[in-house]
Amino acid sequence: MKVKHIFLSILCLLGFTMPTNAQDYFMTSIAPVSELASSIPGDFKITPKSGTASSYQGGAEISKAFDGDMATMYHSSWSVQEFPITLVFNIAEEDLDYLIYNPRTSGSNGNFKEVEIYYTSVDKSEKTLIGAYDFAGSGNASKVKFSEQLSKVKTIEFTILSGAGDGNGFASCAEMEFYRINPARDNNTTLFADKLLTKLKDGVSMNDIDAMENPFFRELATNIYKGNYSLNFRTRECEAYMDRSSFSKLYSVSAYNLHENPTGIYFPLGKNVIVVENLEEGRNVSLVIPHYLGQTTDNWSLQSRSYPLQEGINVVDVKDFAGIGYISYFTPDWEEAGKVNIHIPMGIVQGYFDASIHTNEDFVEILANANAYPFLDLVGNRTQITYTVEAYRNYTDDVTELVKRYDNMVLHQQKYMGWQKYEGLPKNRVQCRANGSYYMYKDNAGASFEYGTMYNMANSVRFYGGPSSDNNWGPCHEVGHIHQYKFNNWSGMGETSVNFPNRFFRYYVVDPTYSDEEDRFKAGLTAIKGKTALLKYGDVGVTLIPFSQLFYYFMEKGYADFFPDLNRKLRTSTANTEGWTSAQYELHFAKAVCDLTELDLVDFFVDWGMLYCTDLEGREPFTIDDYGTGHYAFTTAELEEFREYIKEKGYDKPDEDVCLVKPLGGRFSL
């Protein structure tokens, strides 16, 4: 039996019920009403009659972009990565008001970045530019509303200038949808006093409500009138956050939270309603439902579905999987973007814990009522924790302290990166979530921990644990993967530089006396010095030692900002890395350390098997297997050029052999 099925069986035994259909749940669930959302007039969807693509992969032709199936997709050629790519959708002379681009439901290869959109019509045979857009490689659906209705459209043409993916990138699309607005969509709200439909006008009577033609609005008005309707978790202000592309440019990393603005509402399969207010024209805001229960041993990836929202009443047809919803509002101008108000009259309240407004006592009540779905969000200042309800019920002793400790872990990694000192701490959070697939890992959505780790991960005391415990090393390690970037994560460093921020956090928070084992140090340095490359030694713990020693040495010298300053220097580097092997990245790192500290540390790096000359007798370039194949090649000429550079700078050598440094003033002995 698969892990997911076992987990769901346990949940059912513990009293969880898994709602499935939206028509079975309405507002406070006082009275199930069939197909209420379907009674709201929706916009008219226009399906293309055919299409063409200038590049496509066999089995992923353009027709997959309008077959009505989000599980299939159009994809450009895997082997020929050339832009621009042109997609043409043939329309049967229909009037159009907007389109929705739906990216693939998992992965990111081919997600559109920069595009130009054109159209032809019965009256305009020459293609006319609608506009130029940057979808920023987002995994969320993007809506393009035309400035005016396009009449009798014959074709919509996308010129894709760039897309997400390795190399030059790709282009992909799960579904391209075209719509004409239904003018009758919002004609049923005359008895409500506000745009969000949360209260009735003064003087409204039950007779007025009974006379309403539309059953959805009549049922909503009835619940409000009778005082049976609680707005708790059904309304909220949604804030804007920095989009992934801008975040990556500023901070050099990208795998921050995709699921800000939790609604605390479980959305069953079928049609649901969301009312939106203050959504500025031209902004992309979506409901996102991740498939947390879909992460199994057979499928690590976190799938999600996004549903674009517009001002006013939205009928959202939830397909493929149900789940708790989030309001995705990411934009480059997040600081200027106004807040968006939402009201979700359908769906089931699951709730969430927000450490800025809720207390431990509130959490007891929230947890007791969290029976709609197996997952629940804890929102902190730096982190968002999405673990199982049962884990919280069984293991969480002090939820406020638990969130504080996760926040502290992420804060120290952000300090290590130099963000607090230079760019400023991001508003975006790191998401830590539970999964049914693998022990611990980092992916595009954040850090993920298997259900079996919850005993430690969901308990504030055990989360920190002892100095050598996985309880803090594990989560700090996976969050450390999020904070790796180009100039500290060259091939061979995938499981080493991830622990730089880990070491930083543990020094300041967990146990500053923790040290690498002396036997491991002696064996490593003895085997490496003058004999082999650090990246050939094959022990990640040994590979970490020299980088830890730099941290400890400069801490002793009173230079507490060594790592923050070094990361800033490396992250803002404009070096052209084309053709670099891991050796050139080592050289770049070593040069940055020497320039930053104004010390001649060349011998330190060479002794530890970095700057390893592969052109000497008995040596040769080698390959590295580290999340892909890397290469290492370094010449004596490059090393001598570096020594000459240091000599010209006039940097002094350190006052001792840094290779022997231990934490808190200790020294190794060989």
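Shown above is the structure to which this text applies.
Each chain carries its own residue numbering, running from 1 in the direction its sequence is written. Local features are withheld for residues below a pLDDT of 70 in this predicted model, meaning they are given only at 70 or higher, and side-chain atom pairs are given and counted only at 80 or more; totals for whole chains, interfaces and linings count all residues. Derived side-chain values reflect all non-hydrogen atoms in the structure, with water molecules and hydrogen atoms excluded from consideration.

What to know about the pattern of salt bridges
For step 1, the next point in the chain: Should a side-chain nitrogen of Lys or Arg be within 4 Å of a carboxyl oxygen of Asp or Glu, the pair is scored as a salt bridge. All chains considered together, the criterion is met by 27 salt bridges.
For step 2, the next point in the chain: Across the pair D320 and R305 runs a salt bridge, and its minimum N-O distance is 2.6 Å. Placement of the pair is D320 in the loop between β15 (312-318) and β16 (323-328) and R305 in strand β14 (residues 304-308), with a sequence separation of 15 residues.
For step 3, the next point in the chain: Among the residues examined, R305 registers a relative accessible area of 6% and is labelled buried.
For step 4, the next point in the chain: The partner of E401 in a salt bridge is K404, with the nearest N and O atoms 3.7 Å apart. Of this pair, E401 and K404 both sit in helix α7 (residues 399-417), three residues apart, which is roughly one turn of that helix.
For step 5, the next point in the chain: Each member of the salt-bridge network shares a partner with another, and the members are E237, E239, K339 and K427. For the purposes of this entry, the term helix denotes a DSSP run of H or I that reaches at least four residues, the term strand denotes a run of E that reaches at least two, and both are numbered from the N terminus. The rule is simple: take the accessible area with a 1.4 Å probe, protein chains only, and divide by the maximum for that residue type; under 20% is buried, over 50% is exposed, in between is partly exposed.

Concerning the sheet that holds strand β13 (residues 286-290)
For step 1, the next point in the chain: In this analysis, strands are considered paired if DSSP registers two or more bridges between them. Spatially, the five strands line up as an open sheet ordered β14-β13-β16-β11-β18, and their pairing is antiparallel. This sheet does not close on itself; its edge strands, each paired only once, are β14 and β18 (348-349).
For step 2, the next point in the chain: The sheet contact formed by β13 and β16 spans three bridges and is antiparallel. Across the sheet, V288 pairs through a bridge with Y326, a residue of β16.

Some remarks on helix α11 (residues 500-510)
For step 1, the next point in the chain: The buried count for α11 comes to eight of 11 residues, which makes it a mostly enclosed element.
For step 2, the next point in the chain: When α11 is considered as a whole, its buried residues turn out to be F500, P501, N502, R503, F504, F505, R506 and Y507.

Here's the deal with the packing of aromatic side chains
For step 1, the next point in the chain: Centres within 6.5 Å are what make two rings of Phe, Tyr or Trp a pair, Trp counting through its six-membered ring; a difference in plane orientation under 30 degrees is then read as stacked, over 60 as edge-to-face, and the rest as tilted. Applying the stated criterion across every chain yields a total of 54 aromatic pairs.
For step 2, the next point in the chain: Judged by centre distance (6.2 Å) and plane angle (80°), the rings of F89 and F158 are edge-to-face. Placement of F89 in strand β4 (residues 85-102) and of F158 in strand β7 (residues 142-160) is noted, with a sequence separation of 69 residues between them.
For step 3, the next point in the chain: On the basis of relative accessible area, F89 is assigned to the buried category, the value being 0%.
For step 4, the next point in the chain: Pairing F500 with F547 gives two aromatic rings, centres 4.9 Å apart and planes at 40°, and the pair type is tilted. In this pair, F500 sits in helix α11 while F547 sits in helix α14 (residues 540-556), placing the two residues 47 residues apart along the sequence.

A look at the environment of I545
For step 1, the next point in the chain: One can find I545 in helix α14.
For step 2, the next point in the chain: Sequence separation between I545 and K662 is 117 residues, and the spatial gap between their C-alpha atoms is 9.4 Å.

Points about the state of the cysteines
For step 1, the next point in the chain: The term disulfide is used for any two cysteine sulfur atoms that are within 2.5 Å. Taken as a whole and judged by the stated rule, the model has zero disulfides.
For step 2, the next point in the chain: Cysteine C613 remains unbridged, with the sulfur of C594 as its closest cysteine sulfur at 15 Å.

What to know about the pairing of strand β20 (residues 375-379)
For step 1, the next point in the chain: Most of β20 sits out of view: five of its five residues are buried.
For step 2, the next point in the chain: Sheet topology note: the β20/strand β21 (residues 383-388) ladder contains five bridges and is antiparallel. If you follow D377 over to β21, its bridge partner there is T386.
For step 3, the next point in the chain: Where β20 folds back onto β21 in an antiparallel hairpin, the turn is made up of three residues.

Observations concerning unusual backbone geometry
For step 1, the next point in the chain: For the peptide bond that leads from F83 to P84, omega is 5°, which places it in the cis range.
For step 2, the next point in the chain: Relative to the elements of secondary structure, P84 occurs in the loop between β3 (74-75) and β4.
For step 3, the next point in the chain: Phi is positive for L197, which is not a glycine, with a value near 65°.
For step 4, the next point in the chain: Here L197 is to be found in the loop between β9 (175-180) and α2 (206-210).
For step 5, the next point in the chain: We classify L197 as buried; its relative accessible area is 3%.

What about the sheet that holds β15?
For step 1, the next point in the chain: Taken together, the four strands give an open sheet; going across it, the order is β10-β17-β12-β15, and neighbouring strands pair in antiparallel fashion. Two strands bound the open sheet, and with one partner strand each, they are β10 (235-238) and β15. Between one strand and the next, the sheet's axes are offset by a mean angle of 30°, whatever the strand orientation.
For step 2, the next point in the chain: Bridge count for strand β12 (residues 270-277) against β15 is seven bridges, and the pairing is antiparallel. When the sheet's bridge partners are listed, V275 is paired in β15 with I313. Throughout, an axis means a line fitted to C-alpha atoms (over the contacting stretch in the case of helices), and angles, computed between N-to-C directions, take values from 0 to 180 degrees.

Thoughts on the packing of α11 against α14
Between two packed helices, both the angle of their axes relative to each other and the distance between the axes serve to describe the pair.
For step 1, the next point in the chain: As a packed pair, α11 and α14 sit with axes 10 Å apart at the nearest point and diverge in direction by 40°. Compared by their axis directions, α11 and α14 come out oblique. Along this stretch, α11 crosses α14, giving a crossing that reads as right-handed. Side by side, α11 and α14 meet where F500, R503, F504, Y507 and Y508 of the first sit next to L544, F547, S548, F551, Y552 and M555 of the second.
For step 2, the next point in the chain: Here the residues of the contact of α11 with α14 are counted per class, giving nine nonpolar, one polar and one charged. Each angle receives one of four descriptions, namely roughly parallel if under 35 degrees, roughly antiparallel if over 145, roughly perpendicular if within 65 to 115, and oblique otherwise. Handedness of a crossing is defined here by the sense of rotation of the near helix relative to the far one, left-handed for an anticlockwise turn of less than a right angle and right-handed for a clockwise turn. We call two residues in contact whenever any of their non-hydrogen atoms come within 4.5 Å of each other. Any residue outside Ala, Val, Leu, Ile, Met, Phe, Trp, Tyr, Cys, Pro, Asp, Glu, Lys and Arg is labelled polar, Gly included; the first ten of those are nonpolar and the last four are charged.

A closer look at a nonpolar patch on the surface
For step 1, the next point in the chain: Together, W300, Y438 and Y439 make up an exposed nonpolar region whose accessible area comes to about 330 Å².
For step 2, the next point in the chain: Here W300 lies in the loop between β13 and β14.
For step 3, the next point in the chain: A relative accessible area of 38% means that W300 is categorised as partly exposed. Excluding any residue in a salt bridge, patches collect residues exceeding 30% relative accessible area, merging like charges within 9 Å and nonpolar Val, Leu, Ile, Met, Phe, Trp and Tyr side chains within 5 Å. Each accessible area is a Shrake-Rupley estimate made with a 1.4 Å probe; only the visible protein chains count as cover when residues are assessed.

What to know about the side chain of H477
For step 1, the next point in the chain: With respect to the secondary-structure elements, H477 resides in helix α10 (residues 470-482).
For step 2, the next point in the chain: Accessibility expressed as a relative area gives 11% for H477, which makes it buried.
For step 3, the next point in the chain: Ignoring sequence-local partners within four residues, the contact set of H477 consists of E495, V498, N499 and N502.

What to know about the nonpolar core
For step 1, the next point in the chain: Each nonpolar core is a collection of buried residues, namely Ala, Val, Leu, Ile, Met, Phe, Trp, Tyr and Cys, held together in the definition by side-chain atoms within 4.5 Å. Counting residues in hydrophobic clusters, the biggest one holds 137 residues, and the most contacted among them are Y387, L601, F605 and W608.
For step 2, the next point in the chain: By residue number, the principal contributor to this core is α14, which donates 10 residues.
For step 3, the next point in the chain: Not counting chain neighbours up to four residues away, the residues in contact with Y387 comprise P374, F375, L376, Y392, Y406, C432, R433, A434, F449, M454, M457 and A458.
For step 4, the next point in the chain: Core analysis: the next-biggest nonpolar cluster, separate from the first, contains 29 residues, L96, F158, I160 and F178 among them.

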